[in-house]
Amino acid sequence: IEQEGQVRGVITDKGEYKAPNVILAPGRIGANWVASVAQKHGINLSQRGIEVGIRVEVHNDIMDDLCNVIYDPTFFIQTNTYDDQTRTFCTNQGGFISLENYKDFVCVNGHAYSGKKSSNTNFAFLSKVILTEPVTDNQAYGESIGQLATIIGGGKPILQRFGDLKRGRRSTWNRIHKGYIEPTMTNVVCGDIAMALPERILTNLIEGLETLNCVVPGVSNDETLLYAPEIKFFATQVETNNYLETSIKGMYVAGDGPGVAGNIVSAAATGLIPAKRIIELQ
Ligand SMILES: Cc1cc2nc3c(=O)[nH]c(=O)nc-3n(C[C@H](O)[C@H](O)[C@H](O)COP(=O)(O)OP(=O)(O)OC[C@H]3O[C@@H](n4cnc5c(N)ncnc54)[C@H](O)[C@@H]3O)c2cc1C
């Protein structure tokens, strides 16, 4: 509820609540709703782009030295050919690859249990895509890549060894079993990721992984397993001041939904910023 540029409260299924300050934090599932609220009230939105890539799986031996010091290390790598940004994200030591089922396509993700460990470590390796004028529909571009990859994978994610990808040949179960990494996800199709991802993204991933090998020796070994596609869709970002307050006084945003965060830590941090500000102004 807004009156003369000031928030007055919220309307919910359970009733109407009056409040001089409101924090909108509905998560990714509420991203479209936040965008519609912003549009309705004339708050500016900007595109955050998407990240497209693969889930990399190596033996724990390759990552233990690093993960025993930092549980979830993030490396940003600028690639040579395209000067694009790639990064590692969501590392799971002793973890498992998982399926992410969208309506029209499948993606991969990764997770780890506290009490059950595999012999492998996985992490997302992603290439950033921000489309600029006149075509800015990053979401549709990401979905098209997801759909193409799902066609090539016959409805399942694609699994390929890094060595096969570099040699321009598809992987087979026979080739996968030659390596000493046991895949933690087997409901996949062994194939050729080069048939599924755009050349620019693929080049970024290959160059990026080879650069990462300089700090994580062995990560770009031939037997390293790659699962595709992994796609991170980000919400459009709602314009705010430094306290995450929108142009409507007292209306703050936090978390993934309004596009001001992208992971657990930043989502929590963006909740604290407006909370502290509201207390300060009491
Ligand atoms: C499969 C997966 C793996 C991930 N792995 C990692 C990881 O390893 N590391 C990492 O840092 N991040 C990871 N993330 C991202 C992380 O989960 C999010 O960045 C974070 O949870 C965002 O926090 P949030 O508070 O913005 O949203 P959320 O955690 O989504 O919370 C928003 C809440 O609002 C509720 N809500 C929405 N609309 C309404 C409504 N109308 N009425 C009532 N309630 C509503 C939702 O149900 C939800 O409970 C992962 C995400 C996914 C999906």
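Residues numbered from 1 in each chain as written. Predicted model: local features only at pLDDT ≥ 70, side-chain atom pairs only at ≥ 80, totals over all residues. Heavy atoms only, no water.

Caption draft 1: Representation of the site of the ligand. Close to the ligand lie Ala25, Pro26, Gly27, Ile29, Cys90, Asn109, Gly255, Asp256, Gly262, Asn263, Ile264 and Ala267. Measuring from an oxygen atom of the ligand, one finds a side-chain N or O atom of Asp256 at 2.7 Å. Interatomic distance of 3.4 Å between a backbone N/O atom of Asn263 and an oxygen atom of the ligand. Here the ligand, which alone exposes 990 Å², has 45% of that area covered by the protein. Tallied by class, residues from the shell around the ligand come to six nonpolar, five polar and one charged. (Near = heavy atom within 4 Å. Polar contact = N/O pair within 3.5 Å; in protein donor to acceptor, adjacent residues only side chain to side chain. Areas by Shrake-Rupley, 256 points an atom, 1.4 Å probe, with all protein chains shown as cover. Nonpolar A, V, L, I, M, F, W, Y, C, P; charged D, E, K, R; others polar.)

Caption draft 2: Just the packing of aromatic side chains, in detail. Following the criterion strictly, the structure yields five aromatic pairs and no others. For the pair Tyr102 and Phe105, a centre-to-centre distance of 4.9 Å together with 10° between the ring planes defines the contact as stacked. Every member of this aromatic cluster is reached through a ring pair, and the members are Tyr102, Phe105 and Phe233. (Phe/Tyr/Trp six-rings, centres within 6.5 Å; stacked < 30°, edge-to-face > 60°.)

Caption draft 3: Here's a closer look at the side chain of Ser127. Residue position: Ser127 is located in strand S12 (residues 120-129). Among the polar contacts listed, one links the side chain of Ser127 to the side chain of Asn204, at a separation of 3.0 Å. Aside from chain neighbours lying at most four places away, what touches Ser127 is Ile50, Glu51, Val52, Gln85, Thr86, Ile201, Asn204 and Leu205. (Helix = DSSP H or I, 4+ residues; strand = E, 2+ residues; numbered from the N terminus. Contact = heavy atoms within 4.5 Å.)

Caption draft 4: Inspection of the domain arrangement of the chain at higher detail. Each domain of the chain was delimited in the assignment, giving domain 1 (2-45 + 236-280) and domain 2 (50-233). A C-alpha centroid distance of 33 Å is found between domain 1 and domain 2. (Domains from an automatic or database assignment.)

Caption draft 5: Geometry of a nonpolar patch on the surface. A surface patch of nonpolar side chains, about 260 Å² in accessible area, is lined by Leu148, Ile152 and Met195. Of note, Leu148 is situated in helix H3 (residues 138-152). On the accessibility criterion, Leu148 (39% relative accessible area) is partly exposed. (Patch = residues over 30% accessible without salt bridge, like charges linked within 9 Å, V, L, I, M, F, W, Y side chains within 5 Å. Salt bridge = Lys/Arg side-chain N within 4 Å of Asp/Glu carboxyl O. Buried < 20%, exposed > 50% of the residue type's maximum accessible area, 1.4 Å probe, protein only.)

Caption draft 6: Fine view of the environment of Val135. Summarising the element assignment, Val135 is placed in the loop between S12 and H3. For the pair formed by Val135 and Lys14, sequence separation is 121 residues and the distance between their alpha carbons is 40 Å.

Caption draft 7: Examining helix H7 (residues 264-280) more closely. Given a rise of 1.5 Å per residue, 17 residues ought to cover 24 Å, and the 25 Å separating the end C-alpha atoms of H7 matches this to within 8%. Residues of H7 that are buried: Thr270, Pro274, Arg277 and Ile278. The buried residues of H7 all sit within an arc of 105° when viewed along its axis, so they share a single face. Exposed and oriented more than 90 degrees from the buried face of H7 are Ile264, Val265, Leu272, Lys276, Ile279 and Glu280. Tucked into the core, H7 has its buried residues touching strand S5 (22-24) and strand S17 (251-253). The residue sitting at the N-terminus of H7 and contributing the capping side-chain oxygen is Asn263; that oxygen lies 3.1 Å from the backbone nitrogen of Val265. (Expected span 1.5 Å × (residues − 1). Arc of directions from axis to C-beta.)

Caption draft 8: Representation of the pairing of strand S7 (residues 50-59). Counting buried residues in S7 gives 10 out of 10 residues, a clear majority hidden from the surface. Pairing geometry for S7 and S12, over 10 bridges, is antiparallel. Across the sheet, residue Val58 finds its bridge partner in S12, namely Thr121. Where S7 meets strand S15 (residues 225-233), seven bridges bridge the pair, whose relative direction is antiparallel. Among the inter-strand pairings, Ile50 is bridged to a residue of S15, identified as Phe233. (Pairing = 2+ DSSP bridges.)

Caption draft 9: Examining the sheet that holds strand S14 (residues 189-190) more closely. Across the sheet, seven strands lie side by side as S8-S9-S12-S7-S15-S13-S14; this open sheet has mixed pairing. Only two strands of the sheet have a single neighbouring strand rather than two, namely strand S8 (76-78) and S14. This element, helix H6 (residues 199-212), spans S7, S8, strand S9 (85-93), S12 and S15 of the sheet and lies at about 130° to S12. (Axes fitted to C-alpha atoms, helices over the stretch in contact; angles between N-to-C directions.)

Caption draft 10: Spatial organisation of unusual backbone geometry. Residue Pro134 is bonded to the preceding Glu133 through a cis peptide linkage, with omega at 5°. Ala228 connects to Pro229 through a cis peptide bond whose omega is -5°. Even without a glycine there, the phi angle at Cys90 is positive, about 60°. As for its placement among the helices and strands, Cys90 is situated in strand S9.

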